[in-house]
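Letter by letter, the chains look like this.
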2 protein chains.
Amino acid sequence: MAQILNGREVVDAINEKLRAEVSFLKEKGITPTLGIIRIGDKVEDISYEKGAIKCAESIGVDVKKYLFKESITQEQLLNVMAAINLDLTVHGVILFRPLPEHIDDNTIRKALLACKDVDGITDQSMAGVYTGTDLGYPPCTPRACIEILDHYGIDITGKKVVVIGRSLVVGRPAAMMVLERNGTPIICHTKTENMKEICKSADVLIVSAGQAKTIGADYLNENQVIIDVGINMADDGKLCGDVDFQAAENIVKAITPVPGGVGRVTTSLLMMHVIDAAKKTI
Amino acid sequence: MAQILNGREVVDAINEKLRAEVSFLKEKGITPTLGIIRIGDKVEDISYEKGAIKCAESIGVDVKKYLFKESITQEQLLNVMAAINLDLTVHGVILFRPLPEHIDDNTIRKALLACKDVDGITDQSMAGVYTGTDLGYPPCTPRACIEILDHYGIDITGKKVVVIGRSLVVGRPAAMMVLERNGTPIICHTKTENMKEICKSADVLIVSAGQAKTIGADYLNENQVIIDVGINMADDGKLCGDVDFQAAENIVKAITPVPGGVGRVTTSLLMMHVIDAAKKTI
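Bear in mind that the values here come from a model prediction, so they are computed numbers and not experimental data.

Draft legend 1. Representation of the pattern of salt bridges in the model. All names here are of chain A. Counted under the stated rule, the structure contains 32 salt bridges over all chains. Two residues, Lys-196 and Asp-218, come together in a salt bridge whose shortest N-O distance is 3.0 Å. One end of the pair, Lys-196, is in helix α8 (residues 195-200); the other, Asp-218, is in the loop between β7 (204-207) and β8 (225-228), with 22 residues separating them in the sequence. Overall, the relative accessible area of 38% leaves Asp-218 in the partly exposed class. When salt bridges with common partners are traced through the structure, they connect Arg-97, Asp-105, Arg-109, Lys-110 and Asp-123 into a single cluster.

Here it is in structure tokens:
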């Protein structure tokens, strides 16, 4: 049976360090603060928001909410962002997307200061991930994948790491982070030929396919480590990943569960970025 | 014997289109103009400059040279760049690097307007390559690799494309461009394990290893297309690539020669970017 790479364990280790950093900052009179901009009442946004607030509370990070109706205009939103950019008491900002259709995503992304971009949505943050420099912040989900590998001592130097999915939120940044760790990244996507064969030969699979059970037994080998980024609702109403967990746990060496894997680690990394942004104001 | 992917043929096709675009612009009173900033007298810089000027002349692009001694200060160089940014008659700029040690590369890169960054050195251009959007311009060398594939009708959709090298000038942007063409990029580097096996299984190899004869017969298969980015001086004083050409041409399906392959196409793409930048001023 595969080793379970438990998100909770990773979170506990990260949060312990973060609490110490928050104490240090509070002694200096700084309370690291996350701004959450939410437009409308999407269920998944509210769910992520609740998780983030819970995590923030447990670490000692403050949260300021900026809640708006779907009818907010682009100009009004830009004004809000300009005010947050100037507000020295807000260190990092997340903004739920997709935005309403009448608001241009690019215009809004560009309006955020890179130093407050704790979830990696600005061009500067993207250039930072791509170049391996500390411009802005990387998106939290791919960073969670790497933190899990690190926590469990899984060294990817020289290893074949297949990333399934090429989005700017997971696939591409994950591949760039693999490269920073000296792994050999392979980016697969819907157009990739012979994906089974490519996956089967990989040492690590980072799966962000966006569909339940995309990866079954015939994509796997017994020495693999599987990081499952997917979150889907199965027919039985339970959450599941993009990997067929029941099949995989009998084959591979190690695997993250869903829920309780990557997703759980993501919010801790959001707090890590907020705290880092706050430290930079000292 | 392998098909030779001749850079000259690609250049002829590109330049023909570019001449028509230049005529169109000149009718509108605009002469596309490239600014070349060179500090010192490095042989390789002067050689590239000569090639660029020759290519520019044959297409009808003007060149303005900004030549400085190694003793130029960072402030002086920043003033030059600020002046070029404001100069509406200069549409694109290349800057030979590495810069002298007393000048900070990052500071200088950031000083250039992305809309004039025809060789992809600014963060905006890098974000553009990474995200697949038209922020700034991609570096010319990886784009030359893709243009050669396009010219010879080599479709990489779904194909395994191994990129050897992970620099920001060739390897990383080449991998991102492969992704934009729906290929499956694999980025190999000095730490990669089992590189022979990975290369042997590839449909296309883009080689930017920085060393002569890095890739020999045991990395190759008979259905492969090889794009050799390397330029090295062989023991006999002749130029050669990173691939053992004599061995490869008896094995693979198609290969670019060195010289006369990728390098030749690069300056045409530089002109393409300058002309595009000029068009955007209409």
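Draft legend 2. Quick look at helix α10 (residues 262-279) of chain A. Here α10 of chain A is 18 residues long and its end C-alpha atoms lie 26 Å apart, about the 26 Å a rise of 1.5 Å per residue gives. Most of α10 of chain A is tucked away, with 14 of its 18 residues classed as buried.

Draft legend 3. The arrangement of the environment of Ala-247 of chain A in detail. On the secondary structure map, Ala-247 of chain A appears in helix α9 (residues 245-249). As for Ala-247 of chain A and Ile-4 of chain A, which are separated by 243 residues in sequence, their C-alpha atoms are 14 Å apart.

Draft legend 4. Looking closely at the packing of aromatic side chains. Residues and elements named next belong to chain B. Applying the stated criterion across every chain, the model contains 3 aromatic pairs over all chains. Considering the side-chain rings of Tyr-48 and Phe-96, the 6.0 Å spacing of their centres and the 85 degrees angle between planes classify their relative orientation as edge-to-face. With Tyr-48 in helix α2 (residues 43-59) and Phe-96 in the loop between β4 (92-95) and α4 (105-111), the pair connects residues that are 48 residues apart, well separated along the chain.

Draft legend 5. The sheet that holds strand β4 (residues 92-95) of chain A, seen in detail. Residue and element names in this part refer to chain A. With parallel pairing, the 3 strands of this open sheet are ordered in space as β3-β2-β4. Two strands bound the open sheet, and with one partner strand each, they are β3 (62-68) and β4. Strand-to-strand, the axes of this sheet are offset by a mean angle of 20 degrees, without reference to chain direction. Note: strand β2 (residues 33-39) against β3, 7 bridges, orientation parallel. Looking across to β3, one finds that Thr-33 is bridged to Asp-62. Sitting on the sheet, helix α3 (residues 74-86) is in contact with β2, β3 and β4, with an inclination near 180 degrees to β2.

Draft legend 6. Molecular detail of the sheet that holds strand β2 (residues 33-39) of chain B. Residues and elements named next belong to chain B. Spatially, the 3 strands line up as an open sheet ordered β3-β2-β4, and their pairing is parallel. What marks the edges here is a single partner per strand, and that holds for β3 (62-68) and β4. Ignoring which end each strand starts from, the neighbouring axes of this sheet average 20 degrees apart. As defined by bridge partners, β2 adjoins β4 across 4 bridges and the pair is classed as parallel. For Gly-35, the partnering residue across the bridge sits in β4 and is Val-93.

Draft legend 7. A look at the relation of the copies chain B and chain A. With an RMSD of 0.0 Å, the fit of chain B onto chain A corresponds to turning through 180 degrees and sliding 0.0 Å along the axis. In short, the pair behaves as if placed about a two-fold rotation axis. Counting the interface residues of chain B, we find that 100% of their copies in chain A are interface residues as well, pointing to one common contact surface.

Rules used throughout
Residues numbered from 1 in each chain as written. Chains lettered and ligands numbered in written order. Predicted model: local features only at pLDDT ≥ 70, side-chain atom pairs only at ≥ 80, totals over all residues. Heavy atoms only, no water. Salt bridge = Lys/Arg side-chain N within 4 Å of Asp/Glu carboxyl O. Helix = DSSP H or I, 4+ residues; strand = E, 2+ residues; numbered from the N terminus. Buried < 20%, exposed > 50% of the residue type's maximum accessible area, 1.4 Å probe, protein only. Expected span 1.5 Å × (residues − 1). Phe/Tyr/Trp six-rings, centres within 6.5 Å; stacked < 30°, edge-to-face > 60°. Pairing = 2+ DSSP bridges. Axes fitted to C-alpha atoms, helices over the stretch in contact; angles between N-to-C directions. Contact = heavy atoms within 4.5 Å. Least-squares fit on C-alpha atoms with pLDDT ≥ 70 in both.

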